[in-house]
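# A closer look at the structure
Listed below are the residues making up each chain.
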Amino acid sequence: MSPPETFDILNELLSLEQGCVILRLDEAGTFVDRLSLRQGRILRHFAAESRENVAQLGMLIVALGGTPAPRVVDVRATELHYWGASYALAHVVENQEDLINAYAEAATQLSGEPEAQRVVAEILARHQARLATIKDLLPPDVRAVS
């Protein structure tokens, strides 16, 4: 059994992953005002990847002898139904940066748990690659701001 701090860290990542903007957009079936087909396809792919991250974190917590925390939904996310594409993508970038920071910090805190550290590093690398791709999707006027 891993120490409680390990489960706290992993459950925090699980919560952040479950609440990521890409998942909320996908669940909303966003219209997102006129996202291009390419943008929509890429975001759907990233939403599927986020669901895999959630599953991977949950299985890791169980494998280490813990219990995944219940999902917490941010009710403020309901406004995203009304977001335009540029605004939505800018929020996705901001959210990805927050996730990257959280995973990077967690990786340093999990030094005594090699399997947890490996999984966190793997997911961190996916988020970093995702951020670069999403930044390329931004319209030039939004790209300059982010």
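Placed above this text is the structure.
Here we summarise the structure given alongside this text. (Residues numbered from 1 in each chain as written. Predicted model: local features only at pLDDT ≥ 70, side-chain atom pairs only at ≥ 80, totals over all residues. Heavy atoms only, no water.)

### Comments concerning the side chain of Ser 50
Positionally, Ser 50 belongs in helix α3 (residues 37-63). Overall, the relative accessible area of 0% leaves Ser 50 in the buried class. Here Glu 17 takes part through its side chain, which lies 3.4 Å from a polar atom of the side chain of Ser 50. When sequence neighbours within four positions are dropped, the list of residues in contact with Ser 50 reads Glu 17, Cys 20, Leu 23 and Arg 130. (Helix = DSSP H or I, 4+ residues; strand = E, 2+ residues; numbered from the N terminus. Buried < 20%, exposed > 50% of the residue type's maximum accessible area, 1.4 Å probe, protein only. Polar contact = N/O pair within 3.5 Å; in protein donor to acceptor, adjacent residues only side chain to side chain. Contact = heavy atoms within 4.5 Å.)

### Some points on the packing of helix α4 (residues 85-109) against helix α5 (residues 114-137)
Packed helices, taken two at a time, are described by the angle their axes make and the gap between the axes. The N-to-C vectors of α4 and α5 enclose an angle of 160°; their axes lie 9 Å apart at closest approach. Taken together, the axis directions place α4 and α5 in an arrangement best described as roughly antiparallel. For the pair α4 and α5, the sense of crossing is left-handed. Contacts between α4 and α5 involve Leu 89, Val 92, Val 93, Gln 96, Glu 97, Leu 99, Ile 100, Tyr 103, Ala 104, Ala 106 and Ala 107 from the former and Gln 117, Val 120, Ile 123, Leu 124, His 127, Gln 128, Arg 130, Leu 131, Ile 134, Lys 135 and Leu 137 from the latter. Across the contact of α4 with α5, the residue classes tally to 15 nonpolar, four polar and three charged. (Axes fitted to C-alpha atoms, helices over the stretch in contact; angles between N-to-C directions. Parallel < 35°, antiparallel > 145°, perpendicular 65-115°, else oblique. Left-handed = near helix turned anticlockwise from the far one by under 90°. Nonpolar A, V, L, I, M, F, W, Y, C, P; charged D, E, K, R; others polar.)

### Remarks on the nonpolar core
Grouped together as the largest cluster of nonpolar side chains are 40 residues, with contacts concentrated most on Leu 10, Leu 13, Ile 22, Leu 57, Tyr 103 and Val 120. If you list the elements that add at least two residues to this core, you get α1 (4-18), α2 (21-27), α3, α4 and α5. Looking at this core, the element that brings in the most residues is α4, giving 10 residues. (Core = buried A, V, L, I, M, F, W, Y, C linked by side-chain atoms within 4.5 Å.)

### Thoughts on the environment of Leu 89
Mapped onto the elements, Leu 89 comes out in helix α4. Sequence spacing of Leu 89 and Ile 22 is 67 residues, and the spatial spacing of their C-alpha atoms is 9.0 Å.

### A short note on the environment of Gly 65
Within the secondary structure layout, Gly 65 lies in the loop between α3 and α4. Along the primary structure Gly 65 and Pro 3 are separated by 62 residues, whereas in three dimensions their C-alpha atoms are 9.5 Å apart.

### A short note on the packing of α1 against α5
Axis separation between α1 and α5 bottoms out at 12 Å; the angle between their running directions is 25°. Here α1 is positioned roughly parallel relative to α5, judged by the angle of their axes. Handedness of the α1/α5 crossing: left-handed. Of the residues in α5, those in contact with Leu 10, Leu 13 and Glu 17 of α1 are Ala 116, Val 120, Ile 123, His 127 and Arg 130. Here the contact of α1 with α5 is composed, by residue class, of five nonpolar, one polar and two charged.

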